[in-house]
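Report on the structure
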Amino acid sequence: MSQSRDNSLPTSHFTRALIYTALLIFAVYYLLPLFVMLTNSLKTLDEIRAGNMLALPRSITIEPWLKAWDSAQIGVDPSGLKPYFMNSVLMVIPAVLISTMLGAINGYILTKWNFRGAGVMFGLMLFSCFIPFQIVLIPMARVLGLIGLAGTTSGLVLVHVVYGIGFTTLFFRNYYNAFPDELVRAALLDGAGFFRIFWRILLPSSGPIIVVTIIWQFTNIWNDFLFGASFADFDSQPITVALNNLVSSSTGVKEYNVHFAGAILAALPTLIVYIVSGRYFVRGLMAGSVKG
Amino acid sequence: MAFLDIIGVTKRFGSVKVLHEINIGVEEGEFLVLVGPSGCGKSTLLNMIAGLEIVSSGEIRIRDSRINEVHPSQRDIAMVFQSYALYPNMTVGGNMAFGLEMHGISKSERQALVKEVAELLQITPLLDRKPSQLSGGQRQRVAMGRALVRDPDVFLFDEPLSNLDAKLRVDMRTEIKKLHLKLGTTTVYVTHDQIEAMTLSTRIAVMMDGHLQQIGSPAEIYQLPSNLFVAGFMGSPPMNLIPAKIVNGNDGIALHVSLHSGEMTALNLYQPSPGLLNQVGREVILGLRPESITDPDSADRNSPANQPLLNRIIITETAGSDTFVKTMLGGVEITSRMRGDSEVSANSDASLVVDMSKAVLFDPQSEQRIS
Ligand SMILES: Nc1ncnc2c1ncn2[C@@H]1O[C@H](COP(=O)(O)OP(=O)(O)OP(=O)(O)O)[C@@H](O)[C@H]1O
Ligand SMILES: [Mg+2]
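The rules behind each value
Residues numbered from 1 in each chain as written. Chains lettered and ligands numbered in written order. Predicted model: local features only at pLDDT ≥ 70, side-chain atom pairs only at ≥ 80, totals over all residues. Heavy atoms only, no water. Helix = DSSP H or I, 4+ residues; strand = E, 2+ residues; numbered from the N terminus. Buried < 20%, exposed > 50% of the residue type's maximum accessible area, 1.4 Å probe, protein only. Areas by Shrake-Rupley, 256 points an atom, 1.4 Å probe, with all protein chains shown as cover. Lys, Arg positive; Asp, Glu negative; His and termini not counted. Charge placed at Lys NZ, Arg CZ, Asp CG, Glu CD. Contact = heavy atoms within 4.5 Å. Near = heavy atom within 4 Å. Polar contact = N/O pair within 3.5 Å; in protein donor to acceptor, adjacent residues only side chain to side chain. Nonpolar A, V, L, I, M, F, W, Y, C, P; charged D, E, K, R; others polar. Pairing = 2+ DSSP bridges. Axes fitted to C-alpha atoms, helices over the stretch in contact; angles between N-to-C directions. Buried area = accessible area lost by both parts, 1.4 Å probe. Salt bridge = Lys/Arg side-chain N within 4 Å of Asp/Glu carboxyl O. Left-handed = near helix turned anticlockwise from the far one by under 90°. Phe/Tyr/Trp six-rings, centres within 6.5 Å; stacked < 30°, edge-to-face > 60°.

**Quick notes on the overall build of chain A**
Assigned secondary structure in chain A consists of 14 helices and zero strands. Counted from the first residue to the last, chain A has its helices and strands arranged as α-α-α-α-α-α-α-α-α-α-α-α-α-α. Along the first, second and third principal axes, the C-alpha atoms of chain A reach 75 × 65 × 30 Å. Within chain A, the fraction of its 292 residues that count as buried is 40%. Accessible area of chain A: about 16500 Å², with a carbon and sulfur share of 70%. Side chains of chain A carry 18 positive and 13 negative charges; the gap between the two charge centres is 11 Å.

Here you go:
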């Protein structure tokens with residue numbers, strides 16, 4: 001970060017002040033919703049109804065958080081978000097790992113084992129990135145029914161893997177394109193086979209792009225609502241769908257504090273992933289363009 | 001049958017033919033250099049020997065068994081690449097041991113072999129470093145070490161020195177030569193540097209546009225180039241190619257060549273082949289190396305066919321041990337090599353000596369050597 005200062009052009013104090021003011025305004029604008037959610041999730045319902053949204057809580061309570069987690073009414077059960085959070089975890093981990101792995105292998109084959117029609121194949125995969133979700137809903141439902149995975153977490157994993165392969169392949173193909181072919185040739189002459197070369201030579205050098213792909217896939221799959229709402233049963237619904245049910249199904253009073261707490265709970269994993277590995281994300285995106 | 005046989009090998013990329021019926025036999029322990037201008041197909045031929053490119057037609061044999069269909073990992077061949085191609089995620093030691101590991105050699109044996117080769121190449125202190133922490137010259141050594149440690153049937157080198165600076169290149173050249181003398185592994189080495197080709201090889205194969213032009217010892221290639229291309233490509237500066245005409249001289253047949261002034265002079269042919277005797281009047285190209293047209297001081301006194309010549313000096317270029325002198329002969333500018341302390345000066349007439357025992361003749365139409 002300190003480097004960017006050394007590289008920056010000399011600017012007057014006035015311009016500086018202007019830039020910082022603008023940045024500050026944008027930061028506040030983006031952080032305000034989070035602030036509102038966080039403060040109101042720590043208030044009692046009475047306090048929310050009485051006071052204004054932007055005020056800090058007079059007395060902090062974690063009651064709404066506990067309720068959102070394991071006792072709020074969702075659909076017919078007072079189960080809280082906990083089981084659905086687990087559903088999401090069980091869906092997202094295999095889906096991310098499988099789609100990333102397949103993308104890596106596809107990228108490896110497309111760049112290092114040129115076969116007839118590789119270009120067309122890649123073009124089609126790229127095309128799959130642009131197919132709107134809505135178009136595949138009905139055919140996908142039918143396929144899931146046929147193979148007996150309708151309404152299951154495994155079914156959702158399959159859907160997300162299939163949908164993610166286009167992107168993960170694109171990421172890895174571009175990364176491996178810059179990876180010298182001579183390394184693969186050298187390994188071949190050293191006696192290594194197809195998978196050995198992938199496993200021992202390419203994969204260990206793929207750290208940055210693996211991080212990028214995992215973050216991308218994780219956020220997309222975790223945040224997905226449409227597939228979850230369309231293909232899951234009650235006992236396999238991901239947290240995004242449950243959150244919607246929590247917010248819309250409350251009978252009687254709207255418990256805003258619980259809703260806020262629930263929304264933050266649902267967003268927490270993606271936030272954590274970004275905070276932990278955001279640095280690698282940027283680095284990985286740059287790595288393709290700058291030869292190391 | 002040689003050790004490595006390349007028999008009628010042709011390579012096509014789609015409809016483009018990039019190698020035409022190449023025939024080369026490499027004897028065991030030989031150091032063959034493939035040389036030729038960029039794009040002539042050297043790397044393609046090397047890659048086919050390695051199994052990295054498919055042979056379109058023809059056959060490649062090692063120890064008299066066909067290897068066209070053998071997977072590269074099953075051929076006992078090691079290759080040093082121009083870019084070195086060191087595995088970036090492994091240490092120097094790991095790079096060298098990888099091929100051994102793939103061939104199922106035990107860990108203790110691997111370590112012993114790596115240690116031995118590292119000592120041979122003086123890279124022992126580098127064994128724990130990553131390739132990114134090495135200089136160009138060190139990477140070059142490691143790449144050679146990786147090939148050496150496997151003790152393969154054949155070494156292939158694809159322009160291994162072209163990424164090094166001039167000084168290092170000369171040093172490594174000597175080192176490669178020493179290693180070959182010591183190990184005696186059959187080697188095919190690609191370069192487009194003809195000095196590298198001359199100094200390293202036991203034999204040279206000169207290629208152009210996918211055709212093999214000539215194959216022979218460095219001396220053969222240098223003294224008796226089989227056509228105008230080889231004559232012009234090998235040697236630095238290259239052979240002088242002078243238009244001339246066969247005439248009846250006062251002492252057998254001779255060549256008529258025009259001087260700077262436009263006057264004609266006759267150079268007697270030394271031991272002309274019988275076929276030329278009745279060819280008076282034929283136009284030919286006279287090929288003379290720069291050191292065969294020199295001043296009387298620098299001339300080879302043992303030559304049986306030194307002939308004097310008086311000609312105008314156009315320019316002189318001093319290059320330390322040699323002075324290169326330009327004159328006009330046969331209507332083209334030619335280069336002479338003289339001693340470094342030669343006293344000829346530009347824009348004056350100087351007496352030169354032509355060593356006709358080294359002369360070669362080419363046919364201007366077919367471009368082939370005729371004697
Ligand atoms: N994969 C390919 N597809 C089509 N043409 C190719 C391919 N690889 C090489 N060629 C062509 O084959 C010819 C020989 O290439 P090659 O790389 O063997 O040349 P080279 O002698 O090694 O040249 P350099 O000294 O520049 O390395 C060139 O004209 C090149 O354009
Ligand atoms: Mg080449």
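Having seen the model, we can carry on.
**Topic: the overall build of chain B**
The helix and strand inventory of chain B stands at eight helices and 20 strands. Overall, the C-alpha framework of chain B stretches about 80 × 45 × 35 Å when taken along its three principal axes. For chain B, the residues scored as buried account for 51% of the 371 residues in total. Contacts spanning at least 24 positions in sequence make up 66% of the contacts within chain B whose residues lie at least 6 apart. In the structure as shown, chain B presents an accessible area of about 16300 Å², 48% of it carried by carbon and sulfur atoms. Placing the 34 positive and 42 negative side-chain charges of chain B at their respective mean positions leaves the two points 6 Å apart.

**Notes on the site of ligand 1**
Residue and element names in this part refer to chain B. Contacts to ligand 1 come from Phe 13, Val 18, Ser 38, Gly 39, Cys 40, Gly 41, Lys 42, Ser 43, Thr 44, Glu 159 and His 192. Here an oxygen atom of ligand 1 and a side-chain polar atom of Lys 42 are 2.8 Å apart. His 192 places a polar side-chain atom, nitrogen or oxygen, 3.4 Å from an oxygen atom of ligand 1. Against a free-state accessible area of 640 Å², the protein chains account for coverage of 57% of ligand 1. Per-element accounting of the shell around ligand 1 gives the leading share, three residues, to helix α1 (residues 42-50). Considered class by class, the residues forming the shell around ligand 1 number three nonpolar, six polar and two charged.

**Some details on the pairing of strand β9 (residues 203-208) of chain B**
All names here are of chain B. In this structure, strand β3 (residues 31-35) lies alongside β9, joined through four bridges in parallel fashion. By the bridge assignment for β9, Leu 34 is matched with Ala 205. Two strands pair when backbone bridges link them, and β9 and strand β10 (residues 211-216) are joined in this way by five bridges, in the antiparallel orientation. Note that in β10 the partner of Met 207 across the bridge is Leu 212. In this structure, the hairpin formed by β9 and β10 is closed by a connection of two residues, where Asp 209 is found at a positive phi of approximately 45°.

**A look at the sheet that holds strand β20 (residues 360-362) of chain B**
Residues and elements named next belong to chain B. Reading across the sheet, the five strands line up as β13-β12-β11-β14-β20 and stay open at both edges, with antiparallel pairing between neighbours. Of all strands in the sheet, those with a lone pairing partner are β13 (264-268) and β20, marking the two edges. If you compare each strand with its neighbour and ignore which way they point, the axes differ by 45° on average. Here strand β14 (residues 283-288) runs beside β20; their pairing, made up of three bridges, is antiparallel.

**Section: the interface of chain B and chain A**
With 25 residues of chain B in contact, the opposing surface of chain A contributes 15 residues. When chain B packs against chain A, the two sides together hide about 1900 Å² of surface, and 60% of this comes from carbon and sulfur. Seen at the junction of chain B and chain A, the total is three salt bridges. Across the pair Arg 185 of chain A and Glu 53 of chain B runs a salt bridge whose closest N-O atoms are separated by 4.0 Å. Summed over the shared surface of chain B and chain A, the number is nine residue pairs in polar contact (both at pLDDT 80 or more). Elements with a contribution of two residues or more to the side of chain B that touches chain A: α1, β6 (77-80) and α2 (92-102) of chain B. No other element matches the four residues that α2 of chain B contributes to the side of chain B that touches chain A.

**Notes on the packing of helix α5 (residues 82-112) of chain A against helix α8 (residues 153-177) of chain A**
Residues and elements named next belong to chain A. Two numbers describe how α5 lies on α8: the axes approach to 6 Å, and their chain directions differ by 35°. Pair α5 / α8 crosses with right-handed handedness. Here the residues of the contact of α5 with α8 are counted per class, giving 15 nonpolar, 12 polar and two charged.

**Some details on the sheet that holds strand β18 (residues 332-339) of chain B**
All names here are of chain B. Spatial ordering of the open sheet is given by β15-β19-β16-β17-β18, a layout of five strands whose pairing is antiparallel. This sheet does not close on itself; its edge strands, each paired only once, are β15 (293-294) and β18. Across six bridges, strand β16 (residues 306-319) lies against strand β17 (residues 322-329) in antiparallel orientation. Residue pairing across strands places Ala 319 opposite Asp 322, the latter belonging to β17.

**What to know about the environment of Ile 165 of chain A**
Residues and elements named next belong to chain A. Tracing the sequence through the fold places Ile 165 in helix α8. Here the alpha-carbon distance between Ile 165 and Gly 103, two residues 62 residues apart in the chain, equals 5.7 Å. Among all residues touching Ile 165, those that are not within four sequence positions of it are Leu 102, Asn 106 and Met 125.

**A short note on the side chain of Glu 196 of chain B**
Residue placement: Glu 196 of chain B occurs in helix α6 (residues 194-200). Not counting residues within four places of it along the chain, the set of residues in contact with Glu 196 of chain B comprises Leu 161, Arg 169, Arg 173, Tyr 189 and Thr 191 of chain B.

**Some thoughts on the packing of aromatic side chains**
Note on aromatic pairs: each is described by the distance of the centres and the angle between the planes. All names here are of chain A. Enumeration according to the criterion identifies 23 aromatic pairs over all chains in this entry. When the centroid spacing of 4.5 Å and the interplanar angle of 70° are considered together, the rings of Phe 133 and Tyr 163 count as edge-to-face. Here Phe 133 is found in helix α7 (residues 133-146), whereas its partner Tyr 163 is found in helix α8, with 30 residues between them in sequence. Judged by relative accessible area, Phe 133 falls into the partly exposed class, the value being 32%. Seen from their ring centres, Tyr 176 and Phe 179 are 6.4 Å apart, and the 75° between their planes marks the pair as edge-to-face. Summarising the burial analysis for this pair, Tyr 176 and Phe 179 share the class buried. In textbook terms, an aromatic cluster arises when at least three aromatic residues are bridged by ring pairs, as seen for Tyr 108, Trp 113, Phe 194, Phe 195 and Phe 198.

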